[in-house]
Amino acid sequence: MSFAASVLTLYPEMFPGALGLSLAGRALEAGTWSLEAIQIRDFATDKHRTVDDTPAGGGAGMVMRADVLARAVDHASPPDDPRPRLLMSPRGKPLTQARVRELAAGPGAVILCGRFEGVDQRLIEARGLEEVSIGDFILSGGEPAALVLLDAVVRLLPGVMGNAVSGEEESFENGLLEHPHYTRPQEFEGRQIPDVLISGNHKKIAEWRRAEAEKLTRERRPDLLAADQPLVK
Ligand code: SAH
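The shown structure was predicted, so the numbers you read here are calculated from the model rather than taken from an experiment. (Residues numbered from 1 in each chain as written. Predicted model: local features only at pLDDT ≥ 70, side-chain atom pairs only at ≥ 80, totals over all residues. Heavy atoms only, no water.)

Some remarks on the packing of helix α3 (residues 97-105) against helix α5 (residues 143-154)
Phase 1 of the analysis: At a minimum axis separation of 8 Å, α3 and α5 run at an interaxial angle of 70°. In terms of axis orientation, α3 runs roughly perpendicular to α5. In this structure, α3 contributes Val100, Leu103 and Ala104 to the contact, and α5 contributes Leu149, Ala152 and Val153.
Phase 2 of the analysis: When grouped by side-chain class, the residues that make up the contact of α3 with α5 number 6 nonpolar, no polar and no charged. (Axes fitted to C-alpha atoms, helices over the stretch in contact; angles between N-to-C directions. Helix = DSSP H or I, 4+ residues; strand = E, 2+ residues; numbered from the N terminus. Parallel < 35°, antiparallel > 145°, perpendicular 65-115°, else oblique. Contact = heavy atoms within 4.5 Å. Nonpolar A, V, L, I, M, F, W, Y, C, P; charged D, E, K, R; others polar.)

Re the side chain of Gln97
Phase 1 of the analysis: Within the secondary structure layout, Gln97 lies in helix α3.
Phase 2 of the analysis: Among the residues examined, Gln97 registers a relative accessible area of 17% and is labelled buried.
Phase 3 of the analysis: Setting aside anything within four residues of it in sequence, one finds Gln97 in contact with Arg155, Leu156, Phe172 and Glu173. (Buried < 20%, exposed > 50% of the residue type's maximum accessible area, 1.4 Å probe, protein only.)

Describing the environment of Arg99
Phase 1 of the analysis: Along the chain, the position of Arg99 falls in helix α3.
Phase 2 of the analysis: Note: C-alpha distance between Arg99 and Val153 (54 residues apart in sequence) is 9.2 Å.
Phase 3 of the analysis: Excluding anything up to four places from it in sequence, Arg99 contacts Pro84, Leu86 and Glu130.
Phase 4 of the analysis: For Arg99, the side chain forms a polar contact with the side chain of Glu130, separated by 2.9 Å. (Polar contact = N/O pair within 3.5 Å; in protein donor to acceptor, adjacent residues only side chain to side chain.)

Brief notes about the side chain of Ser89
Phase 1 of the analysis: Relative to the helices and strands, Ser89 is located in strand β5 (residues 85-94).
Phase 2 of the analysis: The class of Ser89 is buried, set by a relative accessible area of 9%.
Phase 3 of the analysis: The contacts of Ser89, once residues within four sequence positions are left out, are Glu131, Val132 and Ser133.

Some remarks on the nonpolar core
Phase 1 of the analysis: Grouped together as the largest cluster of nonpolar side chains are 29 residues, with contacts concentrated most on Phe3, Trp33, Ile111, Leu149 and Leu150.
Phase 2 of the analysis: Counting residues per element, the ones that place at least two in this core are β1 (3-9), α1 (22-30), β5, α3, β6 (108-113) and α5.
Phase 3 of the analysis: Among the nonpolar cores identified, the runner-up in size contains 22 residues, and Ile38, Val51, Val110 and Leu112 belong to it. (Core = buried A, V, L, I, M, F, W, Y, C linked by side-chain atoms within 4.5 Å.)

Examining the site of the ligand
Phase 1 of the analysis: With respect to spatial proximity, 19 residues lie near the ligand, and among them Met88, Gly114, Glu117, Gly135 and Phe137 are the closest.
Phase 2 of the analysis: Within the backbone of Phe137, one N or O atom sits 2.8 Å away from a nitrogen atom of the ligand.
Phase 3 of the analysis: Coverage of the ligand by the protein chains reaches 84% of its 550 Å² of free accessible surface.
Phase 4 of the analysis: Going through the elements one at a time, β5 and β7 (130-133) are the ones with two or more residues in the shell around the ligand.
Phase 5 of the analysis: Top element by residues in the shell around the ligand is β5. It accounts for 4 residues.
Phase 6 of the analysis: A breakdown of the residues in the shell around the ligand according to their chemical character gives 9 nonpolar, 8 polar and 2 charged. (Near = heavy atom within 4 Å. Areas by Shrake-Rupley, 256 points an atom, 1.4 Å probe, with all protein chains shown as cover.)

Brief notes about the domain arrangement of the chain
Phase 1 of the analysis: Taken as a whole, the chain is organised into domain 1 (3-154) and domain 2 (171-226).
Phase 2 of the analysis: On a C-alpha basis, the centres of domain 1 and domain 2 stand 37 Å from each other. (Domains from an automatic or database assignment.)

Section: the pairing of β6
Phase 1 of the analysis: Here β6 lies mainly inside the structure; 6 of its 6 residues are buried.
Phase 2 of the analysis: Neither face of β6 is open: one carries Gly108, Val110 and Leu112, the other Ala109, Ile111 and Cys113, and all of them are buried.
Phase 3 of the analysis: Bridge count between β1 and β6: 5 bridges; the pairing is parallel. Within β6, the residue paired with Ala4 across the bridge is Gly108.
Phase 4 of the analysis: In this structure, β5 lies alongside β6, joined through 4 bridges in parallel fashion. For Met88, the partnering residue across the bridge sits in β6 and is Cys113. (Pairing = 2+ DSSP bridges.)

Looking at the sheet that holds strand β2 (residues 33-39)
Phase 1 of the analysis: Pairing is parallel across the open sheet formed by 5 strands, whose spatial order is β2-β1-β6-β5-β7. Of all the strands in the sheet, the pair left with one neighbour each is β2 and β7. Averaged over all pairs of adjacent strands, the angle between strand axes in this sheet comes to 35°, irrespective of strand direction.
Phase 2 of the analysis: Direction of pairing for β1 relative to β2: parallel, over a ladder of 7 bridges.

Shown next, in the form of structure tokens:
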């Protein structure tokens with residue numbers, strides 16, 4: 001069973017975009033996952049195909065209309081659709097590797113990309129949308145966020161990554177940032193590869209990598225060490 005992504009957007013031309021290349025692109029061609037980009041504007045009913053209107057209560061910008069979005073969501077995802085319905089949103093729960101793993105283990109995702117000031121709150125409630133943020137910054141639209149989320153999910157689908165082991169040692173997978181990497185040449189501008197890595201002693205190498213990962217995490221992301229929950233269940 002392959003992972004089915006339906007993306008609701010005002011810019012379907014942005015998809016598959018970067019996901020049409022490399023690992024994700026090959027997996028898309030191979031049918032490991034599928035991607036449908038749906039034009040929200042097709043669900044407008046007036047002759048100008050209007051999808052937004054001025055905010056109730058006044059203020060700057062425009063808000064995406066609940067009625068138009070509801071028709072688009074219902075078309076992409078009928079009530080018995082088992083896939084989670086996500087709304088890319090800076091107000092959402094920050095995306096984690098744990099959530100990415102859950103999504104990758106499921107049937108797919110329906111992803112709504114916001115534009116302008118965002119979407120009418122009643123649509124979020126009426127269609128039970130899960131708001132997902134990719135970080136504490138503001139994008140001009142949900143499309144790049146959807147591409148980020150799908151990239152993270154697709155690389156975890158069975159058969160997508162060449163060397164499956166590499167996924168398990170990555171940053172966040174064990175609650176730590178990853179250790180530094182080195183490759184040839186042995187000397188670069190006077191800098192050597194740490195001796196232990198060319199010692200051939202696998203136990204020592206594992207200990208060194210673990211210690212470096214802990215040091216880096218303490219320095220850069222002490223919040224990860226403090227987290228009372230493991231990042232991956
Ligand atoms: N006025 C909103 C920001 C709107 S940005 C606010 O202050 O919260 C326009 C759209 O871009 C949003 O509807 C959302 O779909 C997307 N977006 C912006 N930043 C995002 C982020 N950090 N994560 C996920 N989606 C984001």
